[in-house]
Amino acid sequence: ECMKSFIGGFQIDMEMVHQVIRPMLLNLGDYRNLNLSLIQRLAYLAQLFSNVFSEKLCEQLLQHLKKWLEVAIVTQKQAAANGASKPGGQEQLKVAAAIVDLFHRIPAASARFIELLCKLVLTTERALSIEPGSLLRDPLRRYLARFPSETMDIFLQEQYSKEGQWSRFVEYLLHHEEGEVFRTGLQNKTEKLIAMMTGNTTSTNQLVQLGIQAAHPTNSKEKSEIQFWAVRFTSILSKKSPAWIATQQNLIETIRTLWDNETVYQEKHRKGDDIDYSQWKEPKLIVKILLQYFKYHQDDHISLLFDCLRALCGRFLTDFQFLKDFLENEVSQKYSVEWKRAAFFEFMRLWRLPETDPGNGGEFSGLTQDLKAKILQYILIPCFSWSFEHGEGDKLIGSPPAPDDENHTNVVSAFIQLIINPEDPFGTSDNVRILLLQFSCLLVDQGAAHIHDAANKKQGNKLRRLMTYAWPCLLSKNCVDPATRYHGHLLLSHIIAKFAIHKRIVIQVFHSLLK
């Protein structure tokens, strides 16, 4: 500090500085002459007279660093072979870390040293098995912080991103309390993250980008590793900068396309046979990213929340309790009535579309039977139950009772007319049918006036459709699944409790219940 203040107010004769530095630089001829004291003096001079140090000196320091790291590896192996209680090579590593620390102080140390330095440091860490507590990491991070964009370009190339160790170092940079420059650098590389997720090249070589030269070859296992790290990096960024992920529509669409692939992605991760244990959490990270984006776009991307429920279909190796908690505590209790109505009508729109691509370019829902069941179970039924219990029923249903009119803005009318299909009561899977019967029970219990006018003895169309839908559950030859039969009986019991039903039907249902 004193020397900086002195230099700030007095012009130093640079020739004199050169005369002082020259003997020190002559000592750099042999790597064994380097010690912590000499490196410390060089570091102070680099802070005060940074322009004196040339690129040639950086190259010389790099050669010395290589030697010191080699000695550290040999010393550690010898200590291990001799059964030493303490790991060897620590003194050599301290010298090596001090050399690396010089690079961020020397302006002449340009971005061309990034790859060479990283290769030396990471190769040594692997040889010594010292990744987390390595003395070399902080000095290297300080140098890389001068070139965050170039650093990310190098680390995201497929020949490095497929290496778990290189990607774990990027993770260390992004997580670091002083890692904002790296996070910002990666946020500007969205196209690289998309390329990593879709199996395209991330090479910085222009010949590769133009298709003149072949990209670095990667097999399917390596592509899965690269994809995992792209998801992992995106997850870190979305956690550290939630507002950033809210603007990344292309990235979210890429992740969503990946997640929605039922035959390739979903099946692969449910089975877990060919997946490395380090990638087990990938589905969890994907759902967290999609959920983070949804929170900023909850009115425009309701179907995105539906897609997140694929996590609850089948069994994954990771845990999704956070998703269940969000649906229970946030969506059902805190979201507005307008949102709940919009969710219902979005579900109805998707329900009426074909499940798979019809092949004629038409729209399709992509909702499997299992996913439809989960939407009913975790979103619609809890949302409607909570609103009915808290006096929001009329607003939720959407219009005054008119049981004889078909009104597609009325939730009860739309559900009975467009989702319930009495002509084909077994057109859905058993789990969907059970949940439709549960939802019907809720509407009969809370919205009876919208289904049938109790003063009218003649059975209305809506009531008839509901009873016709539930009736096959009384016949054991039609309905084998016991849970489906029970729920059919439950709906008929709710109807009998609410409306004046013909005595013959009541007795028939009662007899069936007794069985």
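Residues numbered from 1 in each chain as written. Predicted model: local features only at pLDDT ≥ 70, side-chain atom pairs only at ≥ 80, totals over all residues. Heavy atoms only, no water.

**Quick look at the nonpolar core**
- In terms of nonpolar packing, the biggest core is built from 147 residues, with F103, Y143, L144, W339 and F344 touching the most fellow members.
- Ranked by the residues each element gives to this core, the list is headed by helix α22 (residues 369–389), at eleven residues. (Core = buried A, V, L, I, M, F, W, Y, C linked by side-chain atoms within 4.5 Å. Buried < 20%, exposed > 50% of the residue type's maximum accessible area, 1.4 Å probe, protein only. Helix = DSSP H or I, 4+ residues; strand = E, 2+ residues; numbered from the N terminus.)

**Thoughts on the packing of aromatic side chains**
- Counted according to the given criterion, the structure contains 24 aromatic pairs.
- Look at F155 and F169: their rings are 5.7 Å apart centre to centre, the planes differ by 25 degrees, and that puts the pair in the stacked class. Of this pair, F155 sits in helix α8 (residues 148–155) while F169 sits in helix α10 (residues 164–175), placing them 14 residues apart in sequence.
- The ring of F113 is capped by R112, whose NZ or CZ atom sits 4.6 Å from the centre of that ring.
- The ring of Y469 has R433 sitting right over it, with the charged end atom 4.7 Å from the ring centre. (Phe/Tyr/Trp six-rings, centres within 6.5 Å; stacked < 30°, edge-to-face > 60°. Lys NZ or Arg CZ within 6 Å of the ring centre and 35° of its normal.)

**What about the packing of helix α11 (residues 180–187) against helix α14 (residues 220–240)?**
- Close contact between α11 and α14 brings their axes to 11 Å; oriented N to C, the two are set at 115 degrees. Note on packing geometry: the crossing formed by α11 with α14 is left-handed. From α11, R183, L186 and Q187 reach across to α14, where they touch F233, L237 and K240.
- A breakdown of the residues in the contact of α11 with α14 according to their chemical character gives three nonpolar, one polar and two charged. (Axes fitted to C-alpha atoms, helices over the stretch in contact; angles between N-to-C directions. Left-handed = near helix turned anticlockwise from the far one by under 90°. Contact = heavy atoms within 4.5 Å. Nonpolar A, V, L, I, M, F, W, Y, C, P; charged D, E, K, R; others polar.)

**Observations regarding the pattern of salt bridges**
- Considering all chains together, one arrives at 27 salt bridges under this definition.
- In this structure, D153 engages K189 in a salt bridge whose closest nitrogen and oxygen atoms are separated by 3.0 Å. Taken as a pair, D153 in helix α8 and K189 in the loop between α11 and α12 (190–198) lie far apart in primary sequence, 36 residues in all.
- Judged by its relative accessible area of 9%, K189 is buried.
- Overlapping salt bridges, with partners in common, bring together R256, D260, E262, E267, R270, D307 and R310 in one network. (Salt bridge = Lys/Arg side-chain N within 4 Å of Asp/Glu carboxyl O.)

**Some details on the packing of helix α21 (residues 337–351) against α22**
- Viewed as axis vectors pointing N to C, α21 and α22 meet at an angle of 150 degrees, and their least axial separation amounts to 10 Å. Judged by the angle between their axes, α21 and α22 are roughly antiparallel. Seen along the crossing, α21 lies across α22 with a hand that is left-handed. In this structure, α21 uses W339, K340, A343, F344, F347 and W351 to contact α22, whose residues at the interface are K372, I375, L376, I379, L380, C383, F384, W386 and S387.
- The residue makeup of the contact of α21 with α22, split by class, is twelve nonpolar, one polar and two charged. (Parallel < 35°, antiparallel > 145°, perpendicular 65-115°, else oblique.)

**As for the side chain of T124**
- Checked against the element boundaries, T124 lands in helix α6 (residues 114–128).
- Residue class for T124 comes out buried when judged on its relative accessible area of 3%.
- Dropping the residues within four chain positions of it, T124 is found in contact with L69, I73, L93 and L136.

**Structural notes on the side chain of R310**
- Secondary-structure assignment places R310 in the loop between α19 (302–308) and α20 (321–334).
- Take R310: its relative accessible area is 3%, and that puts it in the buried class.
- There is a polar contact of 3.1 Å between the side chain of R310 and the side chain of E262.
- Among residues more than four places away in sequence, those in contact with R310 are W259, D260, E262, Q266, R270, F316, G366 and L371. (Polar contact = N/O pair within 3.5 Å; in protein donor to acceptor, adjacent residues only side chain to side chain.)

**Thoughts on the confidence of the model for the chain**
- Looking at the chain as a whole, the pLDDT averages 84, with 84% of positions reaching at least 70.
- Averaged pLDDT values for the elements of the chain fall to 53 in helix α1 (residues 2–9) and rise to 96 in α11. (pLDDT = per-residue confidence, 0-100.)

**Description of a nonpolar patch on the surface**
- Taken together, the side chains of Y277, W280 and L317 make up a nonpolar region of the molecular surface, amounting to roughly 360 Å² of accessible area.
- Take W280: its relative accessible area is 38%, and that puts it in the partly exposed class. (Patch = residues over 30% accessible without salt bridge, like charges linked within 9 Å, V, L, I, M, F, W, Y side chains within 5 Å. Areas by Shrake-Rupley, 256 points an atom, 1.4 Å probe, with all protein chains shown as cover.)

**Re a negative patch on the surface**
- Where like charges cluster on the molecular surface, the negative patch consists of D404, D405, E406 and D453.
- Within the secondary structure, D405 sits in the loop between α23 (393–397) and α24 (411–419).
- For D405, a relative accessible area of 46% gives the class partly exposed. (Lys, Arg positive; Asp, Glu negative; His and termini not counted. Charge placed at Lys NZ, Arg CZ, Asp CG, Glu CD.)

**Thoughts on a positive patch on the surface**
- Residues K239, K240, K281 and K288 make up a contiguous surface patch of positive charge.
- Residue classification places K288 among the partly exposed residues on the basis of a relative accessible area of 38%.

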